[in-house]
Amino acid sequence: MLHNIRQYQVPLQKYMAMMDLQERNQKLFYKLLIDNVEELLPIVYTPTVGEACQKYGSIYSRPQGVFISLKDKGKVLEVLRNWPEKNIQVIVVTDGERILGLGDLGCHGMGIPVGKLSLYTALGGIRPSACLPVTIDVGTNNEKLLDDEFYIGLRQKRAIGQEYAELLHEFMTAVKQNYGERILIQFEDFANHNAFDLLEKYGTTHLVFNDDIQGTASVVLAGLISAMKFLGGSLADQRFLFLGAGEAGTGIAELIALEISKQTNMPLEETRKKIWLVDSKGLIVSSRLESLQHFKKPWAHEHEPVKELVDAVNAIKPTILIGTSGQGRTFTKEVVEAMASLNEKPIIFSLSNPTSQSECTAEEAYTWSQGRAIFASGSPFDPFEYGDNVFVPGQANNAYIFPGLGLGLIMSGAIRVHDDMLLAAAEALAGQVTQENFDKGLLYPPFKNIRKISAHIAAEVAAKAYELGLATRLPPPKDLVKYAESCMYSPAYRTYR
Ligand SMILES: O=C([O-])CC(=O)C(=O)O
Ligand SMILES: [Mg+2]
């Protein structure tokens, strides 16, 4: 099978072959993916899955997951009950409004929940039959899709306001009614306004987390914790600048502020002041407070207005620059050079996905900083030779976190997600990075060990759930890492007599 897949030159064709295999022989699909994770992750996941979503209508061969549309209003529970598997443990749901950094892809966003759940199984060991991909179809504002003969969703503008909220509420209620209190719901690639509102609204009643806000935050924090371990210094000594103040930017900023606050006992209001964000209108400063969306307000610090990113770099003098803008090529030569003139070892993360939306490439980060940057990106980049050195860029992608986090929640029977679990997951991931990894420039352990890493993350998350009284599978197992490993699905053919 691997030989087959390798014969395709075009990544999208490899993707289609993998999707075919998933349908035809699920065990073999997972066996292949687990044993060749570094080679196949960029195919079934970022970046190729992004292209697959863009072309989803024209490569469509068979339905995947459950679509719930405005037309199903009043019947959502019935729709869910049509799914053949009854014992669902995790749902990844999108409404397709902000697929990666690609914007509104409507129902064609289904590729994302499908891809994320393949990773839940391959990287986190959740049984494939316990995973349910869902796309909520409330229309799309993407004119090109509305005119596309192969578009598979409702041909109407997006429902908003009450109509949107009612469908989502019916879905959330039906999910709990059908699968119980311990069903994990991962929100994925919603647009900012809905993402923050849904998380706030359902965070207290359901086992939910938003991967783009919280998963990304945890993986970035892990990278920064490991950077501090090897470079010396503490997070509290750093100055942070973000390009992009949406889900990922503000989510990461908040988790960093929380971690610094725990480390130093400084109040959160104080630790937030070490962190600055730039959005499409420039540096977020207090004079803009009135007009800011609510999730940006905590980051409006005292400063004169600054319009351009490069001027913000020179004004704030960050030690760490993080791109979460969804806009490619925004870390220009001047920006990277400014970071390199301010810092001996500038830390630069280009997190937007897929590769086309990355704020800069690995090659640019290393070249423009004369090989001094500590670089990580959301989508994978190949190792880059610069002078006598080969730099291996880290992949700061939430794929390191959500499979292990999910396993930890499920195995402990957790009923809520708590920020302390995200901190625990970040520390567990950082704990897996070795000196040898770091010597190659890696802030994250290689993906080839991901199942072991996920077991450690799961164990720490479960330990937090027990500590916080949020776990319902009692009594707690003695050795949580061993227990996590014993829970993990492995694709093997059964022996028959
Ligand atoms: O899917 C990925 O690669 C990471 C992610 O959540 C996003 O970019 O929205
Ligand atoms: Mg996402």
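Fair warning: this is a prediction, and the values are worked out from it, not measured in the lab. (Residues numbered from 1 in each chain as written. Chains lettered and ligands numbered in written order. Predicted model: local features only at pLDDT ≥ 70, side-chain atom pairs only at ≥ 80, totals over all residues. Heavy atoms only, no water.)

Participant: Sorry if this is basic, but what is going on with the sheet that holds strand 2 (residues 90–94) here?
Facilitator: Pairing in this open sheet of 5 strands is parallel, and the strands run 1-3-2-4-5 from one edge to the other. Across the chains shown, the open sheet's two edge strands, defined by having one partner strand only, are strand 1 (66–69) and strand 5 (207–210). Averaged over all neighbouring strand pairs, the angle between strand axes comes to 25°, with direction disregarded. Bridge count between strand 1 and strand 3 (residues 131–137): 4 bridges; the pairing is parallel. If you follow Phe67 over to strand 3, its bridge partner there is Thr135. This element, helix 12 (residues 211–231), spans strand 4 (184–187) and strand 5 of the sheet and lies at about 75° to strand 5. (Pairing = 2+ DSSP bridges. Helix = DSSP H or I, 4+ residues; strand = E, 2+ residues; numbered from the N terminus. Axes fitted to C-alpha atoms, helices over the stretch in contact; angles between N-to-C directions. Contact = heavy atoms within 4.5 Å.)

Participant: Just to check I follow, could you spell out the site of ligand 1 for this structure?
Facilitator: If you check the shell around ligand 1, you find Tyr45, Thr46, Arg98, Leu100, Lys116, Glu188, Asp189, Asp211, Asp212, Asn353, Asn397 and Asn398 and nothing else. Contacts to ligand 1 include Arg98, whose side-chain N or O atom sits 2.9 Å from an oxygen atom. In this structure, an oxygen atom belonging to ligand 1 sits 3.1 Å away from a side-chain N or O atom of Lys116. Starting from 260 Å² of accessible surface for ligand 1 in isolation, the protein chains cover 93%. Partitioning the shell around ligand 1 into residue classes produces 2 nonpolar, 4 polar and 6 charged. (Near = heavy atom within 4 Å. Polar contact = N/O pair within 3.5 Å; in protein donor to acceptor, adjacent residues only side chain to side chain. Areas by Shrake-Rupley, 256 points an atom, 1.4 Å probe, with all protein chains shown as cover. Nonpolar A, V, L, I, M, F, W, Y, C, P; charged D, E, K, R; others polar.)

Participant: Honestly, the sheet that holds strand 9 (residues 320–323) in this entry has me stumped. Any pointers?
Facilitator: Whether parallel or antiparallel, the strands of a sheet pair through hydrogen bonds between backbone atoms. Spatially, 8-7-6-9-10-11-14 is the arrangement adopted by the 7 strands of the open sheet, whose pairing is mixed. Only two strands of the sheet have a single neighbouring strand rather than two, namely strand 8 (282–283) and strand 14 (394–395). Bridging between strand 9 and strand 10 (residues 347–350) involves 4 bridges; their strand directions are parallel. Looking at the pairing, Leu321 lines up with Ile348 of strand 10. Those strands touched by helix 15 (residues 309–316) are strand 6 (240–243), strand 7 (275–279), strand 8 and strand 9, and its axis lies near 170° from that of strand 6.

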